[in-house]
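Examining the three-dimensional arrangement
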Amino acid sequence: MTDSVNLNTDLTKDLGIEYPIIGGPMYPCGNPELVAAISNAGGIGVVQPITLTYVNNYEFRAGLRYIKSLSNKPIGMNALIEQSSKRYRQKMEAWVDIALEEGVRFFITSLGKPDWVVEKAHNHDAKVYHDVTELKWAQKGLDCGVDGLIAVNNRAGGHAGKRDMRELYELLSGQGKPLVCAGGIATAEDFIAALKLGYAGVQLGTRFIVTQECTASELYKQAILDATEKDIVMTEKVTGVPVSIINTKDLKEKGTELSGFSKKMLKGKRSKYLMRMLLAIRSFRQLKASFQDNSKGPKYWQAGKSVAGCKSIETVDDIIQSFVKAA
Ligand SMILES: Cc1cc2nc3c(=O)[nH]c(=O)nc-3n(C[C@H](O)[C@H](O)[C@H](O)COP(=O)(O)O)c2cc1C
């Protein structure tokens with residue numbers, strides 16, 4: 001039996017939500033129905049704009065309106081700050097503006113300098129939380145005025161950090177901002193452990209892929225259910241930066257290393273931007289095809305070590321209620 005924990009935290013107060021649970025942005029897995037279900041269940045679903053437009057084929061504003069037709073609760077948006085392309089930056093700025101016009105009041109920034117997102121968001125009383133893996137990145141975000149930090153640990157899906165959740169809490173908790181634990185949360189016990197450590201909330205990715213609302217292919221969902229922690233490997237092969245991925249048969253055969261040419265290009269001062277862009281474009285295509293299972297090519301299925309706690313496909317509401325009841 002666990003002692004009860006307080007679900008009314010700085011995160012729930014900041015975002016005006018019932019439970020301190022964020023459905024993390026996911027390329028390519030964050031379909032509109034999943035985002036809406038997480039918000040409807042009392043957490044907050046976060047839109048990944050490239051998922052909404054490229055995977056789910058919505059014009060951005062129309063996609064947001066569709067989500068709003070499924071839920072009248074708060075939702076968030078992921079603003080990946082990319083320095084390498086001016087066109088991408090303009091696109092992201094336009095998406096942030098549209099999101100604000102459509103009433104989105106929560107942004108998660110990752111990578112780079114989030115100053116321009118903070119400026120736009122704060123003009124509308126919206127909150128910005130910044131994904132970080134180290135103190136130096138937290139400092140950079142705080143210098144830009146972010147309202148909270150998402151501490152991405154070494155068990156996370158996507159671009160994982162190097163430190164465990166306890167180490168990261170100790171490193172980042174003195175900053176006077178709400179701290180969210182991202183990585184390794186799949187069960188009510190994981191959720192309670194994070195809150196007991198002092199985190200103001202949790203951000204989940206992998207657990208929400210194995211839900212009825214997520215439109216990932218059955219093969220992808222089954223691969224998560226079958227996987228153990230040991231099957232999760234970090235590879236630069238997909239995007240050029242390390243991501244957590246299931247070590248499938250294909251990947252075992254082909255290896256998780258980038259080609260010598262790609263590595264060389266990523267080392268060059270100028271060529272690294274071009275290489276990153278090329279890898280990003282290729283990875284968007286490969287990840288989408290793997291997610292939908294409509295290609296014969298190798299399967300690139302991102303997931304974190306929280307696969308260990310993913311035992312069955314449930315509804316989002318059942319998962320969130322199981323956390324809440326246990327707390
Ligand atoms: C398939 C997948 C795709 C992800 N894509 C993104 C993304 O596009 N942007 C982002 O900020 N985080 C992304 N993440 C990270 C999640 O938002 C979240 O922080 C992470 O999944 C938490 O770890 P967990 O998977 O152990 O729950 C992704 C995670 C997964 C599993």
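As the structure is a computational prediction, the values presented were derived from the model and not from experiment.

According to the domain assignment, the chain contains domain 1 (10-215 + 309-326) and domain 2 (227-305). Computed from C-alpha atoms alone, the centre-to-centre distance between domain 1 and domain 2 is 22 Å. A buried area of about 1600 Å², summed over both sides, lies between domain 1 and domain 2, and 60% of it is on carbon and sulfur atoms. Between Arg 155 and Glu 229 there is a salt bridge; the shortest N-O distance is 2.6 Å. At the level of elements, helix H3 (49-55) and helix H10 (206-209) are the ones that each hand at least two residues to the side of domain 1 that touches domain 2. Broken down by element, the residue count for the side of domain 1 that touches domain 2 peaks at three residues, all from H3. Across the side of domain 1 that touches domain 2, the residue classes break down as ten nonpolar, eight polar and one charged.

This part is about the packing of helix H8 (residues 165-172) against helix H9 (residues 188-197). Running from amino to carboxyl end, H8 crosses H9 at an angle of 25 degrees, the nearest separation of the two axes being 10 Å. Taken together, the axes of H8 and H9 lie roughly parallel to each other. Crossing geometry of H8 relative to H9 is assigned as right-handed. Together, Met 165, Arg 166 and Tyr 169 of H8 and Ala 193, Ala 194 and Leu 197 of H9 make up the contact between the two elements.

Rules behind the numbers
Residues numbered from 1 in each chain as written. Predicted model: local features only at pLDDT ≥ 70, side-chain atom pairs only at ≥ 80, totals over all residues. Heavy atoms only, no water. Domains from an automatic or database assignment. Buried area = accessible area lost by both parts, 1.4 Å probe. Salt bridge = Lys/Arg side-chain N within 4 Å of Asp/Glu carboxyl O. Helix = DSSP H or I, 4+ residues; strand = E, 2+ residues; numbered from the N terminus. Nonpolar A, V, L, I, M, F, W, Y, C, P; charged D, E, K, R; others polar. Axes fitted to C-alpha atoms, helices over the stretch in contact; angles between N-to-C directions. Parallel < 35°, antiparallel > 145°, perpendicular 65-115°, else oblique. Left-handed = near helix turned anticlockwise from the far one by under 90°. Contact = heavy atoms within 4.5 Å.

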